[in-house]
Amino acid sequence: MKQLKYQRLSVPSLDGFVDASQVTLLGGEVKGFRTNVVIVHEPVKKGETAENYAATRLPAIQNAVGYLKVGQQTAATFGALSGFWREHTLSLEQRLVTQFQFYCLSKGEMYT
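Analysis parameters
- Residues numbered from 1 in each chain as written.
- Predicted model: local features only at pLDDT ≥ 70, side-chain atom pairs only at ≥ 80, totals over all residues.
- Heavy atoms only, no water.
- Pairing = 2+ DSSP bridges.
- Helix = DSSP H or I, 4+ residues; strand = E, 2+ residues; numbered from the N terminus.
- Axes fitted to C-alpha atoms, helices over the stretch in contact; angles between N-to-C directions.
- Core = buried A, V, L, I, M, F, W, Y, C linked by side-chain atoms within 4.5 Å.
- Buried < 20%, exposed > 50% of the residue type's maximum accessible area, 1.4 Å probe, protein only.
- Contact = heavy atoms within 4.5 Å.

**Some points on the sheet that holds strand S6 (residues 81-92)**
One open sheet accounts for six strands, arranged S3-S4-S8-S7-S6-S5; its pairing is antiparallel. In the strand order of this sheet, the two ends are held by strand S3 (22-30) and strand S5 (68-78), each with one partner. Between one strand axis and the next, the sheet turns by 20° as a mean value, whatever way the strands run. Of the strand pairs in this sheet, S3 and strand S4 (residues 33-43) are connected by seven bridges, and their pairing is antiparallel. The residue bridging Thr24 from the neighbouring strand is Val38, located in S4.

If you want it as structure tokens, here you go:
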């Protein structure tokens, strides 16, 4: 049976379940806001591109927030990773927050 591992924790995977774990990094707090980096991954269909995947995620983001304004979006490379980068501003708890999202494909999984 496949094992899911997280730091020192290891648990058996359940049939039909996929690993949906994520990495969350928290920065310091400035004026009541804490910067963060969240890395998630999801299996994707063969032939999926980062740009197409990013386009499919946009409606879900729009539905989750009251206000969404898409800014710049383009193909991008960060270090050895190539993918698709998007900037958007959204309303979160009565504040406008700007997010940067980078989508990249690796070994059949999309990382955001």
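**Some thoughts on the nonpolar core**
The biggest cluster of nonpolar side chains holds twelve residues, and these are Val44, Ala50, Tyr53, Ala54, Ile61, Val65, Leu68, Phe84, Leu90, Val97, Tyr103 and Met110. With four residues, the single largest contributor to this core is helix H1 (residues 50-64). Once you skip the residues sitting within four places of it in the chain, Tyr53 turns out to touch Glu42, Val44, Glu48, Tyr103, Met110 and Thr112.

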